[in-house]
Amino acid sequence: MSVLGRGSVFAIAAAAILGVGAAAVAQQPAAVIEARQAAMKSLGGEMKAIGDAAKAGSITRDDAVARARKIDDVAKRISTLFPAGSGPEAGVKTAALPAIWEKPDDFKAAIARLAEASGKLMVAAETGNAQTILAAQGDVGRACIACHRGFQRSN
Ligand code: HEC
């Protein structure tokens, strides 16, 4: 041990700490990022399906409720989709901006806005009324856009 000197011991200890820390922060950034992009894509799919059916006047209460619930489920767990270490520094293709982790309060507010809108969409869906559902779907859409504007890289 003495041949390594104190500096090396510290370096080894630091590497060990960093290794453990990195594992705890984001176990597999690629998998995390892939899962959140899939969750986002599913949001897009449900939103489009509700919007199209409501505009066509062909929406059914059951379909609207089922889709609104899926949107609400994702909205309620969005914060878990962005663990520290799953940003651009992960070295995986992601449109998540560093602002997500630099301005956590703003990001939380953007999530809360979506959760509030998706909760209202659930109530609107129960009515089965196309116009009511379309209005609530529009509010959800604005919540999506508001977050993307500040936290998703556009290109
Ligand atoms: C709180 C912030 C936030 C909200 C709210 C939000 N998104 Fe996103 N969304 C993001 C971020 C950040 C990304 C980039 C994720 C990445 O590339 O890792 C993204 C990516 C996406 C993508 C691209 C996924 C892909 O294929 O890479 C779609 C589609 C999408 N969002 C749809 C939606 C819809 C629809 C809503 C509303 C129902 C919504 N998002 C709400 C932050 C948000």
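Calculation notes
Residues numbered from 1 in each chain as written. Predicted model: local features only at pLDDT ≥ 70, side-chain atom pairs only at ≥ 80, totals over all residues. Heavy atoms only, no water. Near = heavy atom within 4 Å. Polar contact = N/O pair within 3.5 Å; in protein donor to acceptor, adjacent residues only side chain to side chain. Helix = DSSP H or I, 4+ residues; strand = E, 2+ residues; numbered from the N terminus. Nonpolar A, V, L, I, M, F, W, Y, C, P; charged D, E, K, R; others polar. Donors = N, O, S within 2.8 Å, 3.2 Å for Na, K, Ca; no water. Tetrahedral: all angles 85-135°; square planar, octahedral: opposite > 155°, others 65-115°. Axes fitted to C-alpha atoms, helices over the stretch in contact; angles between N-to-C directions. Parallel < 35°, antiparallel > 145°, perpendicular 65-115°, else oblique. Left-handed = near helix turned anticlockwise from the far one by under 90°. Contact = heavy atoms within 4.5 Å. pLDDT = per-residue confidence, 0-100. Salt bridge = Lys/Arg side-chain N within 4 Å of Asp/Glu carboxyl O. Buried < 20%, exposed > 50% of the residue type's maximum accessible area, 1.4 Å probe, protein only. Phe/Tyr/Trp six-rings, centres within 6.5 Å; stacked < 30°, edge-to-face > 60°.

Brief notes about the site of the ligand
Phase 1 of the analysis: Near the ligand you find 23 residues, and of these Met-40, Thr-94, Cys-144, Cys-147 and His-148 are the closest.
Phase 2 of the analysis: A distance of 2.8 Å is found between an oxygen atom of the ligand and a side-chain nitrogen or oxygen belonging to Arg-36.
Phase 3 of the analysis: The set of elements that each furnish at least two residues to the shell around the ligand consists of helix H2 (29-56), helix H5 (104-127) and helix H6 (130-151).
Phase 4 of the analysis: Among the elements that make up the shell around the ligand, the one with the highest residue count is H2 (eight residues).
Phase 5 of the analysis: Split into classes, the residues belonging to the shell around the ligand amount to 16 nonpolar, five polar and two charged.

Focus: the coordination of the iron atom of the ligand
Phase 1 of the analysis: Every protein donor of the iron atom of the ligand is accounted for by Met-40 (SD) and His-148 (NE2), and the metal-donor separations fall at 2.0 to 2.4 Å.
Phase 2 of the analysis: Between the six donor atoms coordinating the iron atom of the ligand, the angles at the centre fall across 88 to 180 degrees, so the site counts as octahedral. With Met-40 in helix H2 and His-148 in helix H6, this residue pair connects regions lying 108 residues apart in the sequence.

Points about the packing of H2 against helix H3 (residues 61-77)
Packed helices, taken two at a time, are described by their axes: the angle between them and the distance between them.
Phase 1 of the analysis: Where H2 contacts H3, the axes come no closer than 10 Å and their chain directions differ by 150 degrees. Between H2 and H3, the angle is such that the two are roughly antiparallel. Here H2 and H3 pass one another in a crossing that is left-handed. Judged by residue contacts, Ala-39, Ser-42, Leu-43, Glu-46, Met-47, Ala-49 and Ile-50 of H2 engage Ala-64, Arg-67, Ala-68, Lys-70, Ile-71, Val-74 and Arg-77 from H3.

Describing the confidence of the model for the chain
In low-pLDDT regions, the fine details of the predicted coordinates are not to be read closely.
Phase 1 of the analysis: When pLDDT is averaged along the chain, the result is 88; 83% of the residues meet or exceed 70.
Phase 2 of the analysis: With pLDDT under 50 throughout, residues 1-5 is counted as low confidence; its partners more than four residues away or in other chains account for two contacts.
Phase 3 of the analysis: Segment residues 7-26 is flagged for pLDDT under 50; beyond a separation of four residues in sequence, or across chains, it makes seven contacts in the model.

Observations regarding the pattern of salt bridges
Phase 1 of the analysis: Using the criterion set out here, one finds nine salt bridges in the structure.
Phase 2 of the analysis: Residue Arg-142 pairs with Asp-139 through a salt bridge whose shortest N-O separation is 2.8 Å. One end of the pair, Arg-142, and the other, Asp-139, are both in helix H6, three residues apart, so they sit about a helical turn from each other.
Phase 3 of the analysis: The partly exposed category is assigned to Asp-139, whose relative accessible area is 40%.
Phase 4 of the analysis: Put simply, Glu-46, Asp-63, Arg-67 and Lys-70 are held in one network by salt bridges that share partners.

Brief notes about the packing of aromatic side chains
Phase 1 of the analysis: Per the counting criterion, the structure on display carries three aromatic pairs.
Phase 2 of the analysis: Judged by centre distance (6.4 Å) and plane angle (55 degrees), the ring pair of Phe-82 and Trp-101 falls under tilted. Here Phe-82 is found in the loop between H3 and helix H4 (99-102), whereas its partner Trp-101 is found in helix H4, with 19 residues between them in sequence.
Phase 3 of the analysis: A relative accessible area of 12% means that Phe-82 is categorised as buried.
Phase 4 of the analysis: Take Trp-101: its relative accessible area is 24%, and that puts it in the partly exposed class.
Phase 5 of the analysis: Consider the rings of Phe-82 and Phe-107, whose centres lie 5.1 Å apart with planes at 80 degrees: the pair is edge-to-face. Taken together, the residues span a long stretch of sequence, with Phe-82 in the loop between H3 and H4 and Phe-107 in helix H5 at a distance of 25 residues.
Phase 6 of the analysis: Ring-pair connections join several aromatic residues into one group, and the members of that group are Phe-82, Trp-101, Phe-107 and Phe-151.

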